[in-house]
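Overview (structure and organization)
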Amino acid sequence: TMPYAFLDWPSVLQDVGEHWQMRLRVLDYPYTRQYENTTPYLYYIRQLGLWGLGIPLALTAGAGLAFSLWRGLRWGHRSDLLLLSFVVPIFVLIGGQEVKFLRYLLPIIPLLVLMGARMLFWLKIKAISWHHYGPICVSGIISLVVGSSTLYAVAYDRIYAQPHPATEASSWINNNIPNGAILLKEHWEEGLPNLSKYRTKELPL
């Protein structure tokens, strides 16, 4: 349903083919070399936990996935099997590739979070029969996950309240480096704005 798939399908096919080759490292780009010697699957899990969702929500999502696997494979719940038929193949396909941009997991992240949330509410219902403090404990876990995720989202959003590092670096250069000085720039680097009064030379890769 993406409009450009119909409006400019030759370019779409070319771009998809290029990225397919890039993810297999058939095409070697400087910005994909950061993934050399990273462990398939485990690298994604670590990145998703630390930087994508935050540890409490990531643990909840992982437990929710295990919960859905248990319900789907042991008890044959079709709703769980339907979700798993989407989440598991995508993670198996994406998690084993050479290039590991975290955005590649975006299609399954909302479903993982929903699985985790459903598991927590199931626990809350079940906890009524465990002990008087059972529901309170589960409610505490839910509050911890929601609260930490909210703080994580606010902290992430605060990054964009500050000037971009490239803008700050450019401002520092303009205030501290004499006009006409030579600046060295790495090949493939985007560069810094507002440096027209300097000479720039590129370091070949």
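Residues numbered from 1 in each chain as written. Predicted model: local features only at pLDDT ≥ 70, side-chain atom pairs only at ≥ 80, totals over all residues. Heavy atoms only, no water.

Side note on a nonpolar patch on the surface
- A cluster of nonpolar side chains, contributed by Tyr41, Leu69, Leu73, Leu81, Val88 and Val92, occupies part of the molecular surface with about 480 Å² of accessible area.
- Counting residues per element, the ones that place at least two in the nonpolar patch are α4 (55-75) and α5 (78-95).
- Ranked by residues supplied to the nonpolar patch, first place goes to α5 with three residues.
- Considering the arrangement of structural elements, one finds Leu73 in helix α4.
- Its relative accessible area of 66% is what places Leu73 among the exposed residues. (Patch = residues over 30% accessible without salt bridge, like charges linked within 9 Å, V, L, I, M, F, W, Y side chains within 5 Å. Areas by Shrake-Rupley, 256 points an atom, 1.4 Å probe, with all protein chains shown as cover. Salt bridge = Lys/Arg side-chain N within 4 Å of Asp/Glu carboxyl O. Helix = DSSP H or I, 4+ residues; strand = E, 2+ residues; numbered from the N terminus. Buried < 20%, exposed > 50% of the residue type's maximum accessible area, 1.4 Å probe, protein only.)

Re the packing of α4 against helix α7 (residues 134-158)
- Closest axis-to-axis distance for the α4/α7 pair is 8 Å, and the angle between their directions is 130 degrees. Here α4 lies oblique to α7, going by the angle between them. Residues Pro56, Leu57 and Thr60 of α4 form the contact with α7, whose participating residues are Val145, Ser148 and Ser149.
- Across the contact of α4 with α7, the residue classes tally to three nonpolar, three polar and no charged. (Axes fitted to C-alpha atoms, helices over the stretch in contact; angles between N-to-C directions. Parallel < 35°, antiparallel > 145°, perpendicular 65-115°, else oblique. Contact = heavy atoms within 4.5 Å. Nonpolar A, V, L, I, M, F, W, Y, C, P; charged D, E, K, R; others polar.)

Observations regarding the confidence of the model for the chain
- Per-residue confidence for the chain gives a mean pLDDT of 93; residues scoring 70 or more make up 100%.
- For the chain, helix α1 (residues 4-7) is the element with the lowest average pLDDT, namely 90, and helix α8 (residues 165-176) is the one with the highest, namely 96. (pLDDT = per-residue confidence, 0-100.)

Things to note about α4
- The first and last C-alpha atoms of α4 sit 29 Å apart over 21 residues, in line with the 30 Å expected at 1.5 Å per residue.
- Among the residues of α4, Leu57, Ala58, Thr60, Ala61, Gly64, Phe67, Ser68, Arg71 and Gly72 are the ones counted as buried.
- In the core, the buried residues of α4 are packed alongside α3 (42-52), α5, α6 (109-126) and α7.
- Where α4 terminates, the next one or two residues include Gly76, which has phi positive at roughly 70 degrees. (Expected span 1.5 Å × (residues − 1).)

A short note on the environment of Gln14
- Locating Gln14 in the fold gives a position in helix α2 (residues 9-23).
- A residue is classified by how much of its surface remains accessible, and Gln14, at 56% relative accessible area, is exposed.
- Taking C-alpha positions, Gln14 is 38 Å from Val154, a pair spaced 140 residues apart along the chain.

Regarding the environment of Trp51
- Tracing the backbone shows Trp51 in helix α3.
- For the pair Trp51 and Leu144, spaced 93 residues apart in sequence, the C-alpha to C-alpha distance is 18 Å.

Let's talk about the packing of aromatic side chains
- Applying the stated criterion to the full structure yields twelve aromatic pairs.
- Both rings, one in Tyr29 and one in Tyr31, keep their centres 5.4 Å apart while their planes meet at 20 degrees; by these two values the pair is stacked.
- Judged by its relative accessible area of 16%, Tyr29 falls in the buried class.
- Residues Phe101 and Tyr104 carry aromatic rings whose centres are separated by 5.6 Å and whose planes lie at 85 degrees to one another, so their mutual orientation is edge-to-face.
- Put simply, the rings of Tyr35, Tyr43, Phe101 and Tyr104 pair up and form one aromatic cluster.
- Directly above the aromatic system of Trp20 lies the positively charged group of Arg23, at a separation of 3.9 Å from the ring centroid.
- Over the ring of Phe101 we find Arg103; its NZ or CZ atom is 4.3 Å from the centre of that ring. (Phe/Tyr/Trp six-rings, centres within 6.5 Å; stacked < 30°, edge-to-face > 60°. Lys NZ or Arg CZ within 6 Å of the ring centre and 35° of its normal.)

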